[in-house]
Amino acid sequence: MSSQPTFNFGVGANSGGFMSNNSSSSAFSFGGSKQPMFGASSASASGFMASTSHQKMDEDEQSDQEEEEEEEEEDEEDDDDDYDYDYDDFGVTSLPDAPVARGMLPEFSKRDRTLKFLMDPVLSEGAAWIARKHLKADKVDGPVLPEETKLYPALVPGTKRAPEYSSFIVESHNLFIQLQLAAQEAAASTQQPTIEDERILPRFANQFLQVVDAWRRRVPSALEPSLSDAYVLCHCLVATYFVDPSVTRAEAVMNWLNQSMPRPTTEETRDIMTSLRPVDQPGFWNLVHLTATRGLFLQCSNCLKQSAIIAPDQATLGVLQSAISVLESAPKGTQAFLAHRQWRARAITFGDDAARLADPGLRHGLTTLSRILRGDINTLFAFSETWQEATAALFLLHDPSPARLTEYFDLATKEFPIDSTLLVDEGCAALFANNIAKALVCAEGLDICVAAHMADFCDRQRMLDDFIDVETIERPSIRDYLFIRHAEVCFAMPELFVVGVAYLRDTDVKENVTLIRNIVTQIYPEDEEMVEHLLVVCDDVGLDTEKGEIVTAWSKLQLSRNEIGSALHWLSSVHNYVDTRAVVWTLVERSLLQGGACPLPDAILGEFLTSPGLCPDVIREFIAPYAIYYSYRQQLMQISSSCSEEDEEEEEGGRGSLKEAAMHLASLIQFAYLPRKYALALIAELLALLQLAPNFADERAGSGMLLPIADMSQIMTLFYKLEKDKREFSQSFEFLCDVLGEGRREFVESRRMQKNHSESFDWRVQFVAGDGLDVEEEGERKRVEKVAAKVCRVMRESLVKEISRAYLEQEQ
Amino acid sequence: MASLITGHADLIHDIAYDHYGRLLATCSSDQHIRVFSRKSSADPWTFLSATHAHERNILSLTFAPPQFGTLLASCSEDQSVRIFFSSDNGRAFDRVATLSDSPGAVHKIAFAKFGGHGLKLATIGTDSVVRLYHAADPSDLRQWHLAVESEVESGSKRKAQDMQASFSVAWCPAGVVTLPPSSAYNKPSSSSSSNNTFANSGVGDLPSRISALEISERSVEQFVVSAMTRVVVFRKRYYNSQTGSAGPYDFEECEELPGHEDLVRDVAWASNAAAGGRYELIATACKDGYVRIFKLTPRLSYAAGDTGEMFPTGEIEYDVVLAASFDDHHGEVWKVSWNVSGTVLSSSGDDGQARFWRANYRGEWIGIGSLSAEQGHVADNAGDEGDEER
């Protein structure tokens, strides 16, 4: 990040000043507290004790790390050369490509600048930008710099958006569904769900643990620490409350400890045990005692076997063999609890024998081992470094009765404090203290997906029944709260929308319907399949209004892609007739503006137009105005193409009929619900068509008049009525101007391209051709208005003329 | 994520996402609106179109709900609000209407977010008058009816001339409000009250439980406006004490959000915030350095009948409580915005930081992190939700 170009906001500031590590300036402690945050020094995959990145930096030069680790650390060090680590910036991250150089925020503010941030309407992200504080700055704020016109998109802190994380959520959800099904089946088959749950839950809890374990290794390193801590906490829950029947709870707790905080390390063991005489190594007995304290009995036995201890007499040899035998016969699994007392008695016996040995070193080592194996509290504490070790050792070696676990925890925490700066430490402690709710709150801070599933397991085992808090009594249960939060995370990843809804629907919170309602319309409908998904959700929850909104929005998207038939189909499916009608008239409008041929319909619309029988009733009814206009245009196209192929053989499909075309247009003009806005343009087009008729002195014109006199007089009445209504006439006139303006633009363009503009009939050409084509842009509209006025004048005259002619012809 | 070069020739005043977050529009002192798009959250923003929209600084812009197509409105120091429509999903915008009712600069505009209530646009300008426009026929976007005009703070016009102008408006995103089931029973005490809560309500003699369920969700149309130091909620009324039912544009001032000691820079509304929310949340950004979160809990409104019996009017009212306030920006706060579920609030201000807040299980608001415009800040645990400070 330090490679970002440093940006100078300060007048006269030198480059050295930009990067000055002024720790006192504008270094605000987040939330008003300077305490380190929970989880800030996240443990690595191997345990709780990993230091923060800052500490790592300090230790880097001293410790002998693996080569790869060293390289990583060096890279990190290189990257961070410019940072001041004393700077109080807990919880603060720089925006990507942050524009203000370190320490230059005061200058930034003096320039009347501030930062603004807007959240994305769906995702857990947003964009920041630099804004001027005051519109009328009373001082000159200098030229606008390039960085001040940029946007700075950024994720909300804590957002996990790796594709691997998304897969983790999906796999967790699949397991959740399986658990639901298994619980249902068990309930149906036994009528005693609680008994079945006792068998089912540990199986699924362990499976979930495996899922978390697998994914924490796959997700990017940036997410790994918190997921690993969540794994440790979840493992602790499983070890303490969802023990696999094949092991005792004490063993499970010790397994958890050995996996999350392994001791002794492989290196320590290797160093001692690969020497010529391990027993002579200063750390040998400590290794033996530590492995015993950790319940690693086979490893401990092997240490003794390979220790190269020279037994000076038979008694010593016997004690050694007894120790090895005790270690190797440590009771395990289902037998462990019952056999514990007997095994402990054997440990006491070999300890008594060891106390009589002559060799002081051997005597001390073996009696201490005996004290560990018989669960002596002081000895176990002496070999423990943390409350976790002390608790697990007491539980395994002193008395593995599950009822005593809390007692051991209390003893251990009196001796070894809980690190309350670590969420994972605090969460595990809460589990041992039977404070499940607190543990879940800690888990929430680590990983919401893991926390939600932990809560679900606890809820199914009725572990949360006693958790009643006066302050939260009106709020959802903690399990439901975590499910809702997890669902929110899913909603921030659109591909997980359905998963989020599924989680929400599995809560007892009625108001979650409101949340689904808020979210469901925000999901971008990528395709029809997605629309169907969203509609199913709406149906399931009973969101009729939202269903309509989704479909209407999708239809508008389809319209913008020119998929008009699809849009009509969807609109009518939700009975949105207002928009259906609007779409149809928009089609008419577009065709009028375009002139010439109608725009090519998409496949679905084409089918609606050409096969009315296949068209749903509602659409057929609404589409009628456009279908009529479309037919009129089709007739004209056929006439036009038949003219150009005069000498050729007649095409299949026949020639268009001018009379039919005129009939279509006239019927549209007389349509009772015709928006008056289109009336002038349509009448103008009809009259132009009538004037064209004498040019076709053949069957295309038909015999006699093009239009019955009744139609003509109705259209004339309509025209006069329109003229009397100033508002409607003005609207219609405006649209006529638009139509003529568009026609003029097309004509100019076609003339410029030396193309024949009107391959099909375009009535506008006669008015716009050669009429002030070279006027200035500003005068364009006025010119068009003049042309439109002329069209109206011609219209009046033509109507009178046509009707007179019709009367005359009728009399003859 | 990388920074985005917008191509503006001057500072950006406001940005707006479309409903799905697929389009992003910016407006600037350079009098242009520029629109960017992206296909998915993983893709970067790419330039789509630029429109010369006004003759002076463009101060705010907003997208309409998607049911009305790609519709964008902007407001400016040139005293106008302009409406732009794109028929090709943002590649080009055509101006379809200009609303010039404001005698001064128009500072903030917002389309109603809930499309079910129609195409409505609220604006507020230097005259401190909130105006509500309605396009009654969304297929004819040239026709906008000025439905409501209401002065929010008398005297603020003068103040706005003397001081800095500060106005904002935000709609309630939801079209319905969920009432706590108990609210049906929380009617004001009346000497003649009977056991039947709805005795005079016209609802009929339904058993109370069924009635309570029926009224647990109410249609609601409301927005919050800030004018200088005053913040007030406007809500459409359904009941008129004189005529019975109210008119279609019968909006009136309802709750006031108190406690602002200086100019309010921005307001943001989150509806029925998650985690069992039966309430609304309104956040304000104030010059006094505070981000404030107000919790509005709905309840039924009651009126006295002819016989003195209290009956539910069909209206809702809110109990307003200041749920949280933070002065962590150590300076003026300029903008607040909510995430989609109303569970995360962002605030940004003069400290050059965008700060993020979330309510924990106990409903306490905690900081979850901060983004700084200043280089060199590296979170100890980037991407870690465990960075919550408690």
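Along each chain, residues carry numbers from 1 onward, in the same order as the chain's sequence is written. Key to labels: chains lettered from A, ligands numbered from 1, both in the order written. Selection of residues for local features in this predicted model requires a pLDDT of at least 70, selection of side-chain atom pairs for listing and counting requires 80 or more, and totals for whole chains, interfaces and linings are taken over all residues. In computing side-chain properties, one takes all heavy atoms of the structure into account and sets aside hydrogens as well as water.

J.: Would you mind going over the overall build of chain B in detail, with residue names and values included?
T.: Helix and strand definitions follow DSSP, with helices as H or I runs of at least four residues and strands as E runs of at least two, each counted in order from the N terminus. When you go through chain B residue by residue, the secondary structure sums to 2 helices and 29 strands. The buried label goes to any residue with under 20% of its type's maximum accessible area, the exposed label to any with over 50%, and the partly exposed label to all in between, with areas taken from a 1.4 Å probe on protein chains only. Out of the 390 residues in chain B, the part that is buried amounts to 66%. Restricting the contact set of chain B to residue pairs at least 6 apart, pairs at least 24 apart contribute 51%. Residue contacts follow a heavy-atom distance rule, with two residues in contact if any of their heavy atoms lie within 4.5 Å.

J.: Any details on the sheet that holds strand β7 (residues 70-76) of chain B? Residues and values, ideally.
T.: Each strand in a sheet pairs with its neighbour through backbone hydrogen bonds, running either in the same direction (parallel) or in the opposite one (antiparallel). Residue and element names in this part refer to chain B. Spatial strand order, β6-β7-β8-β9: 4 strands in an open sheet with antiparallel pairing. Because the sheet does not close on itself, it has two edges, and the strands there are β6 (58-63) and β9 (94-99). Taken pair by pair, the neighbouring strands of this sheet meet at an average axis angle of 20°, ignoring direction. Two strands are said to pair when DSSP picks up at least two bridges between them. In the sheet, β6 pairs with β7 via 5 bridges, with the strands oriented antiparallel. Paired with Ile 58 across the bridge in β7 is Ser 76. Axis definition: a line fitted to C-alpha atoms, limited for helices to the stretch in contact. Angles are taken between N-to-C directions and run from 0 to 180 degrees.

J.: An account of the pattern of salt bridges is needed here, citing residue identities and associated values.
T.: Any Lys or Arg side-chain nitrogen found within 4 Å of a carboxyl oxygen on Asp or Glu counts as a salt bridge. The tally for this structure, following the rule as stated, stands at 54 salt bridges over all chains. For the salt bridge of Glu 315 of chain B with Arg 237 of chain B, the shortest nitrogen-to-oxygen distance reads 3.9 Å. Of this pair, Glu 315 of chain B sits in strand β25 (residues 310-326) while Arg 237 of chain B sits in the loop between β18 (230-236) and β19 (239-240), placing them 78 residues apart in sequence. Across the pair, Arg 237 of chain B and Glu 315 of chain B agree in class, each one buried. Overlapping salt bridges bring together Asp 456, Arg 460, Arg 479, Asp 480 and Asp 506 of chain A as one network.

J.: Just give me the short version of helix α10 (residues 284-293) of chain A, but keep the residues and values in it.
T.: Residues and elements named next belong to chain A. For α10, the buried fraction is high: 9 of the 10 residues fall into the buried class. Among all positions of α10, only Phe 284, Trp 285, Leu 287, Val 288, His 289, Leu 290, Thr 291, Ala 292 and Thr 293 are buried. Where α10 is buried, its residues touch α8 (249-260), α9 (266-273), α11 (297-305), α14 (360-373), α15 (377-382) and α16 (387-398). In the segment just after α10, Gly 295 is the residue with positive phi, at about 75°.

J.: Describe the packing of aromatic side chains, listing the residues and the values that go with them.
T.: Residues and elements named next belong to chain A. Side-chain rings of Phe, Tyr and Trp (the six-membered ring for Trp) are treated as a pair once their centres are within 6.5 Å; stacked means planes under 30 degrees apart, edge-to-face means over 60, and tilted covers the remaining angles. Tallied over the entire structure, the rule returns 35 aromatic pairs over all chains. Here the aromatic rings of Trp 387 and Phe 409 are separated by 5.3 Å at their centres, their planes lie at 85°, and the arrangement is edge-to-face. Residue Trp 387 is located in helix α16, and its partner Phe 409 is located in helix α17 (residues 405-415); the two are separated by 22 residues in the primary sequence. On the accessibility criterion, Trp 387 (1% relative accessible area) is buried. Phe 409 gets classed as buried once you look at its relative accessible area, which sits at 5%. Aromatic side chains Phe 395 and Tyr 408 sit 6.2 Å apart centroid to centroid with 55° between the ring planes, which places their arrangement in the tilted category. Linking Phe 395 in helix α16 with Tyr 408 in helix α17, this pair joins segments that are 13 residues apart in sequence.

J.: So what about the environment of Val 378 of chain B? Which residues, and what values?
T.: Residue placement: Val 378 of chain B occurs in the segment after β29 (365-372). Through-space distance from the C-alpha of Val 378 of chain B to that of His 145 of chain B is 51 Å; in sequence the pair is 233 residues apart.

J.: Would you mind going over the pairing of β18 of chain B in detail, with residue names and values included?
T.: All names here are of chain B. Within β18, 7 of the 7 residues are buried, leaving the element largely enclosed by the surrounding structure. Pairing between strand β17 (residues 222-227) and β18: 6 bridges, direction antiparallel. Among the inter-strand pairings, Val 224 is bridged to a residue of β18, identified as Val 233. From the end of β17 to the start of β18, which pair antiparallel, there are 2 residues, and Met 228 there has a positive phi angle of about 55°. Pairing of β18 with strand β21 (residues 251-256), which is carried by 4 bridges, proceeds in the antiparallel orientation. Each bridged residue has a counterpart across the sheet, and for Phe 234 the counterpart in β21 is Glu 253.

J.: If you had to explain the confidence of the model for chain B to someone new, which residues and values would you point to?
T.: Residue and element names in this part refer to chain B. The score called pLDDT rates the predictor's confidence residue by residue, from a low of 0 to a high of 100. Across chain B, the average pLDDT comes to 83, with 83% of residues at or above 70. Predicted confidence for residues 184-215 stays below pLDDT 50, and this span has 51 contacts to residues more than four positions away or in other chains. Here residues 381-390 scores under 50 on pLDDT; set against residues more than four positions off or in separate chains, the count is 50 contacts. Interface scoring of the predicted complex returns ipTM 0.90; its pTM is 0.80.

J.: Help me get a handle on the sheet that holds strand β1 (residues 4-5) of chain B, residues and values and all.
T.: The antiparallel open sheet is built from 4 strands, whose spatial order is β2(A)-β3(A)-β4(A)-β1(B). Strands at the two margins of the open sheet, each flanked by one partner only, are β2 (113-119) of chain A together with β1 of chain B. For strand β4 (residues 150-155) of chain A and β1 of chain B, the ladder comprises 2 bridges, and the chain directions are antiparallel. Of the residues in β1 of chain B, the one forming a bridge with Lys 150 of chain A is Ile 5 of chain B.

J.: With reference to specific residues and values, describe the UniProt feature "repeat: WD" (unreviewed entry) in chain B.
T.: UniProt positions are given in the numbering used here, feature names are shortened, and annotations may be inferred rather than shown by experiment. As recorded in UniProt, the sites labelled "repeat: WD" (unreviewed entry) are residues 5-37 and 326-357 of chain B. The annotated region residues 326-357 of chain B carries 0% helix and 56% strand content, and the separation between its end C-alpha atoms amounts to 10 Å.

J.: Tell me about the environment of Pro 173 of chain B, and name the residues and values.
T.: Residue and element names in this part refer to chain B. In this fold, Pro 173 is placed in the loop between β14 (167-171) and β15 (176-178). Judged by relative accessible area, Pro 173 falls into the partly exposed class, the value being 24%. Excluding its chain neighbours within four sequence positions, the residues that come into contact with Pro 173 are Lys 113, Phe 114, Trp 269, Ala 270 and Ser 271.

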